[in-house]
Amino acid sequence: MKHRLENLMSWLQAQDIEAAFLTSTPNVFYLTGFQCDPHERLLGLFVFQEKEPILICPKMEEGQARSAGWGYEIIGYSDTDSPWTLVSESIKARGINVRTIAVEKEHLNVERYENLVALFPSASFAAAEAKLHELRLVKDEKELAILRQAAHMADWAVELGVSQIAEGKSEMEILGTIEYELKKKGISKMSFDTMVLTGANSALPHGEPGTNRIQRGDFVLFDLGVVIDGYCSDITRTVAFWDVSEEQKHIYDTVLAAQLKAIEASKPGAAIDTVDRAARSYIENAGYGEYFPHRLGHGLGISVHEYPSLTDANTSPLRTGMVFTIEPGVYVPNVGGVRIEDDIYVTENGVEILTKYPKELQIIK
Ligand code: MN
Ligand code: MN
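Residue numbers restart at each chain and count upward from 1, following the sequence in its written direction. Throughout, the order in which chains and ligands are written sets their labels, letters from A for the former and numbers from 1 for the latter. Local features are withheld for residues below a pLDDT of 70 in this predicted model, meaning they are given only at 70 or higher, and side-chain atom pairs are given and counted only at 80 or more; totals for whole chains, interfaces and linings count all residues. To get the side-chain values, take all heavy atoms of the structure and skip hydrogens and water.

**Structural notes on the nonpolar core**
So, step 1. To define a nonpolar core, start from buried Ala, Val, Leu, Ile, Met, Phe, Trp, Tyr and Cys residues and group those joined through side-chain atoms within 4.5 Å. Residue exposure (1.4 Å probe, protein chains only): buried if accessible area is under 20% of the type maximum, exposed if over 50%, otherwise partly exposed. With 66 residues, the main nonpolar core has L55, I165, I178 and F222 as its most contacted residues.
So, step 2. Going along the chain from the N terminus, every DSSP run of H or I of four or more residues is numbered as a helix, and every run of E of two or more is numbered as a strand. Top contributing element to this core by residue count: helix 7 (residues 141-163), with 11 residues.
So, step 3. Where each domain starts and ends follows an automatic or database-derived domain assignment. Here this core gathers at least three residues from each of two domains, domain 1 (2-136) and domain 2 (138-364).
So, step 4. For this analysis, residues touch if any pair of their heavy atoms sits within 4.5 Å. In this structure, I178 is in contact with A157, L160, G161, V196, F222 and L224, ignoring residues within four places of it in sequence.
So, step 5. One finds L256, A279, L310 and L318 within the second-largest nonpolar core, a separate group that totals 29 residues.

Right, here's the structure in full:
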């Protein structure tokens, strides 16, 4: 954590920005080790060029911030305190003159913005996002170890889901079993709302699980992830129930081959657009281009969607230490959808695939 804060402080010095004020749970967690869901209450972290940082959080959370290892100042406020009065006193006591302040422009709300303006009337605002994205882009060994565990648990959850498939069972029934069994293993949080989609519903890239029942000839798609120690996994597997048509088999083979092409193209230095295109052009050549309507994948870490974004417009190179998903999909209305998603870590000279559940077409009977 100290190294991360120091990195941000050097950036503030280099940019001639006197302070950063960060308010999103993921960025505050990244810099402090303290994970807090403050609901509507204020969570904030002031970082300065040289002076020690200040964490602002509800008083009832102070103990958790300390046990997470935060050793600098905390401004804890009760539900009847005005946090901004306390912040103002603390900033004034430090004699900090702020001409420019970096904030998460995409996250800071207007009420907090107005309080910052009142605190630093002549300050201009800079965006902190790009720097935080860059810091979080490359994972260290400790983060990687947690991401490996999260991926392993996602594999386990898919295996369990597949074992639950039976004629007439509903999507929600299987979903409930997966999450119940994960909870028994101590997983308190999923990375996002679990998807179990069967038949026509699998052909919707962001379908909503419901009471649809599994029928012979359906594709059943699982997309899920777990949070372990603040880090997310994200896996998708699609299996067939009872039998598959020639077209379904063709769709499956196309998506799998495209996914393998993109993994093969992934290595340090490879331009991200070429990785996206490795999968996309394969799918286009198979005649399904219009049925692959989304990017190839997304960075993965504290947030389930972070940087890099794997699109065919991103010419940045892959770097050792990046973790992201590769998840091509083909969704043909009334026939069914297939998506295959793995979590990928870029090593010194290639990749390590963190999710390991098998990918060859399974026909469940
Ligand atoms: Mn994903
Ligand atoms: Mn997913």
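**Some thoughts on the packing of aromatic side chains**
So, step 1. Aromatic rings from Phe, Tyr and Trp, taking only the six-membered ring of Trp, are treated as a pair when their centres fall within 6.5 Å; an angle between ring planes under 30 degrees marks them as stacked, one over 60 as edge-to-face, and anything in between as tilted. One pass over the structure, following the stated rule, counts nine aromatic pairs.
So, step 2. Ring geometry for Y113 against F125: centres 4.9 Å apart, planes inclined by 50 degrees, an arrangement best described as tilted. One end of the pair, Y113, is in helix 5 (residues 110-119); the other, F125, is in strand 6 (residues 124-127), with 12 residues separating them in the sequence.
So, step 3. Taking the relative accessible area as the measure of exposure, Y113 reaches 39% and is therefore partly exposed.
So, step 4. The structure contains a cluster of three or more aromatic residues connected by ring pairs, namely F21, F46, F48, W84 and F120.
So, step 5. Looking at K185, its charged tip hangs above the ring of W156, at a distance of 4.4 Å from the centre.
So, step 6. Looking at K365, its charged tip hangs above the ring of W242, at a distance of 5.6 Å from the centre. Lysine and arginine charges are scored as sitting over a ring when NZ or CZ, respectively, is within 6 Å of the ring centre and within 35 degrees of the ring normal.

**Quick look at the coordination of the manganese ion (ligand 2)**
Reference values for coordination geometry: four tetrahedral donors around a metal ideally subtend 109.5 degrees, six octahedral donors ideally subtend 90 or 180 degrees.
So, step 1. Sodium, potassium and calcium take a 3.2 Å donor cutoff, other metals 2.8 Å, and in both cases only N, O and S atoms count; water is not among them, so sites may look incomplete. In the first shell of the manganese ion (ligand 2), the protein supplies D223 (OD), D223 (OD), D234 (OD) and E341 (OE), at 2.1 to 2.6 Å from the metal.
So, step 2. Of note, the manganese ion (ligand 2) draws all its donor residues from one chain, in the sequence arrangement D-x10-D-x106-E.
So, step 3. A separation of 3.2 Å is found between the manganese ion (ligand 2) and the manganese ion (ligand 1), which share D234 as a coordinating residue. Placement of D223 in strand 8 (residues 219-224) and of D234 in the loop between strand 10 (231-232) and strand 11 (235-241) is noted, with a sequence separation of 11 residues between them.
So, step 4. The class for D223 is buried, based on a relative accessible area of 5%.
So, step 5. Classification of D234 as buried rests on a relative accessible area of 3%.

**Here we look at the environment of H152**
So, step 1. With respect to the helices and strands, the residue H152 is situated in helix 7.
So, step 2. Residue H152 is classed as exposed on the basis of its relative accessible area of 57%.
So, step 3. The spatial distance from the C-alpha of H152 to the C-alpha of K261 is 23 Å, given a sequence separation of 109 residues.

**Some details on the packing of helix 1 (residues 2-15) against helix 6 (residues 129-137)**
A packed helix pair is summarised by two numbers, namely the angle formed by the two axes and the spacing between the axes.
So, step 1. Viewed as axis vectors pointing N to C, helix 1 and helix 6 meet at an angle of 145 degrees, and their least axial separation amounts to 11 Å. Two packed elements cross with a definite hand, and for helix 1 against helix 6 that hand is right-handed. In this structure, helix 1 uses R4, N7, L8 and W11 to contact helix 6, whose residues at the interface are K131, L132 and L135.
So, step 2. Classification convention: Asp, Glu, Lys, Arg as charged; Ala, Val, Leu, Ile, Met, Phe, Trp, Tyr, Cys, Pro as nonpolar; all other residues, Gly among them, as polar. Tallied by class, residues from the contact of helix 1 with helix 6 come to four nonpolar, one polar and two charged. Where helices are involved, their axes are fitted lines through C-alpha atoms of the stretch in contact, as for all axes, and angles between N-to-C directions lie from 0 to 180°. In this scheme the crossing of two helices becomes right-handed for a clockwise turn of the near helix relative to the far one and left-handed for an anticlockwise turn of less than a right angle.

**A few points about the pattern of salt bridges**
So, step 1. One speaks of a salt bridge when a side-chain nitrogen belonging to Lys or Arg is within 4 Å of a carboxyl oxygen belonging to Asp or Glu. Applying the stated criterion across every chain yields a total of 23 salt bridges.
So, step 2. Residues joined in a network through salt bridges with shared partners are R4, D140 and E143.

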